[in-house]
Amino acid sequence: MRGNCLKYFKMSGVNRDAPIGVQCLQKLNSWLCPRFQINKLLWYQASVLILTYFTYMTYHLTRKPISVVKSVLHQNCSALTPPPDVRPGDDQWCNWPPFNTNDANTLLGTLDSAFLFSYAGAMFVSGMIAERVDLRYFLSFGMLVSAVFCYLFGLGRTLDVHDISFYLIVQAGAGIAQTTGWPGTVAIVGKWFGNAKKGLIFGLWNSHTSLGNILGTVMAAEYVESDWSLSFVYPALVMGVVAFLVFLFLVPEPKNVGLSTDRQSPNRPSHRSDDEEEASQVIVGDQYQGDDPTEETALLSRRSSRSQGAVSLTRALAIPGVIEFSLSLFFAKLVSYTFLYWLPLYIKSSTTLTPKQSGELSTSFDVGGVVGAALAGLLSDCVGAPALVCAAFYALAAPALLAYQSWGASSYVLNVALLVVAGVLVNGPYALITTAVSAELGTHSSLAGDSQALATVTAIIDGTGSIGAAVGPMVAGIVSSGSWSTVFYMLIACDLMALMLLVRIAKVEIVKIWQDRRLSSPRSVRIE
């Protein structure tokens, strides 16, 4: 009975540190259902997962329209019927100035670079800011600013703006505002699920990225041929609404509502049994140092309940595995974001599909990303070797990209199938590194229980990856003017580089798995 009383709580009290919306729900519950009982921890964990899921979904929802609208900002005017007032010989009449030039792909690539380089540079600062402020305010403010910049890009068509500087400034501002999303959401989820196996949880949760891309593509494609300004206005409106919900209801950490995720009893020894260690620990590379608890550096280790000051950038970089996973993510995000920003245009140029149809077909890659994120997380939980899982995905991604480049345009069905496979293999390791691996490195045992490193480590890893995300679309914009085949060869080379950066860690993980199986196997007894 006493255990049940500890497990279940009446939602009759009002937590003053809780968001205003949560306080209203608590008061309403105490008035209408004073005897209603619920597992408060499970309730709040579910609400956090749902709110952060839709939060980051809207971040990608507002990133995607530019990739769809590119196909109408600059297109092949010879395939269209010109209006009567067009001058003879004007082969740029259907394009939106300043993208009505022969080097339009380079200009469009510059727009991507303005967003992504500002995003990558601001990410490192954003992570450190996130550790020092209330994450609910941090996220809701960042979402509102991001929505404003998305709206401003669409406003450029309404106000008939043709100055490239306007679009570059809007993209750069959007990139800075968008850096609030990833450190904030990962830090919050990490705080609420500190003791759980994060691979599958984060893998399923990370499908918000692909869902945001899909919905952003569908919304943008709906208006791209009639009024492309609405392709930006409606995603911005959705993001603003979700930002308001985040401000009202998102609980940044358990202590705001009088809870704790630490399931370890005060009377329980601080060390774990061998079975528990095997079930919850993932060793990365040379972090494994035997059974000495003062030397263990497990990726999936329990977080201490005590909190210290925010860590420095240098200290976060010194965590084993951070640099290698960051550099690997550099190349993984380069590949993923090149698809994100250029896939609809590539499909349109390599097939006979319309801009709307090309945008809709490109969502197949994101559907594969949903499956890949969950699959990579599940495999990481099962084998306890995230680097090995990432390496396997990288190894399979290279031939998948080559197959899509060679045969993707031959039929619609084959195009869809190959895009789904490529999405699984490209986005699987990208999702695993940016979520579960980042969260676990941010609560690494070498931090001596410092719970404030999560946002900084997440920002370092994702910030490094974002530099690659900035480089990829920019180079693709330049190279695609000559040949799309060269773009694919570049992506395959980057995929192999991401693989090589994790080979050493994966090798040590294989040795660790082999040693564990050898120790767990029954030993033969020799009878004299």
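Remember, predicted model here, so these are calculated numbers, not experimental data. (Residues numbered from 1 in each chain as written. Predicted model: local features only at pLDDT ≥ 70, side-chain atom pairs only at ≥ 80, totals over all residues. Heavy atoms only, no water.)

Caption draft 1: Quick peek at the environment of Tyr 44. One can find Tyr 44 in helix 3 (residues 40–63). Judged by its relative accessible area of 3%, Tyr 44 falls in the buried class. Separated by 148 residues in sequence, Tyr 44 and Trp 192 place their C-alpha atoms 8.5 Å apart. (Helix = DSSP H or I, 4+ residues; strand = E, 2+ residues; numbered from the N terminus. Buried < 20%, exposed > 50% of the residue type's maximum accessible area, 1.4 Å probe, protein only.)

Caption draft 2: Up close: the side chain of Thr 179. Secondary-structure assignment places Thr 179 in the loop between helix 7 (164–178) and helix 8 (181–192). If we ignore the near neighbours within four places in the chain, the residues touching Thr 179 are Tyr 119, Ala 122, Met 123 and Ser 126. (Contact = heavy atoms within 4.5 Å.)

Caption draft 3: Structural context of the packing of aromatic side chains. The tally for this structure, following the rule as stated, stands at 25 aromatic pairs. Measuring from ring centre to ring centre gives 6.2 Å for Phe 339 and Phe 488, while their planes differ by 85°; the resulting arrangement is edge-to-face. Highlighted residues: Phe 339 in helix 14 (residues 322–350) and Phe 488 in helix 19 (residues 484–501), separated in sequence by 149 residues. Note on accessibility: Phe 339 and Phe 488 belong to one class, buried. (Phe/Tyr/Trp six-rings, centres within 6.5 Å; stacked < 30°, edge-to-face > 60°.)

Caption draft 4: Highlighting helix 2 (residues 20–32). Helix length check: helix 2 (13 residues) gives 18 Å between terminal C-alpha atoms against 18 Å at 1.5 Å per residue, within 8%. Turning to helix 2, the residues buried within the fold contact helix 3 and helix 11 (230–249). (Expected span 1.5 Å × (residues − 1).)

Caption draft 5: The environment of Leu 108, seen in detail. In this structure, Leu 108 sits in helix 5 (residues 104–130). If we skip the residues at most four places from it in the chain, Leu 108 touches Lys 70, Leu 73, Phe 99 and Trp 342.

Caption draft 6: Expanded view of empty space enclosed by the protein. Going through the model one piece at a time under the given rule, you end up with six cavities of 30 Å³ or more. By volume, the largest cavity is sized at about 130 Å³. Thr 62, Arg 63, Phe 115, Gln 171 and Ala 174 are the residues nearest the centre of the largest cavity, which is lined by 15 residues in total. For the lining of the largest cavity, the secondary structure elements donating two or more residues are helix 3, helix 4 (65–73), helix 6 (135–158) and helix 7. Among the residues making up the lining of the largest cavity, the classes are represented as ten nonpolar, four polar and one charged. Quantified by volume, the second largest cavity comes out at close to 100 Å³. Among the elements that line the lining of the second largest cavity, the one with the most residues is helix 17 (residues 412–441), at four residues. (1 Å grid on protein atoms, 1.4 Å probe; cavity = no way out; pocket = protein on both sides within 12 Å on 5 of 7 lines; lining within 4 Å. Points joined across faces, edges and corners; volume = space filled by probe spheres on them. Nonpolar A, V, L, I, M, F, W, Y, C, P; charged D, E, K, R; others polar.)

Caption draft 7: Summary view of a nonpolar patch on the surface. Together, Tyr 234, Leu 237, Val 241, Phe 244 and Leu 245 give the surface a local cluster of nonpolar side chains, amounting to about 480 Å² of exposed area. For Phe 244, the location among the structural elements is in helix 11. Given the relative accessible area of 52%, Phe 244 is considered exposed. (Patch = residues over 30% accessible without salt bridge, like charges linked within 9 Å, V, L, I, M, F, W, Y side chains within 5 Å. Areas by Shrake-Rupley, 256 points an atom, 1.4 Å probe, with all protein chains shown as cover. Salt bridge = Lys/Arg side-chain N within 4 Å of Asp/Glu carboxyl O.)

Caption draft 8: Structural detail: the pattern of salt bridges. One pass over the full model with this rule turns up seven salt bridges. For the salt bridge of Lys 70 with Asp 112, the shortest nitrogen-to-oxygen distance reads 2.5 Å. With Lys 70 in helix 4 and Asp 112 in helix 5, this residue pair connects regions lying 42 residues apart in the sequence. Both residues of the pair, Lys 70 and Asp 112, belong to the buried class. For the salt bridge of Arg 504 with Glu 324, the shortest nitrogen-to-oxygen distance reads 2.4 Å. Placement of the pair is Arg 504 in helix 20 (residues 503–520) and Glu 324 in helix 14, with a sequence separation of 180 residues. Judged by its relative accessible area of 38%, Arg 504 is partly exposed.

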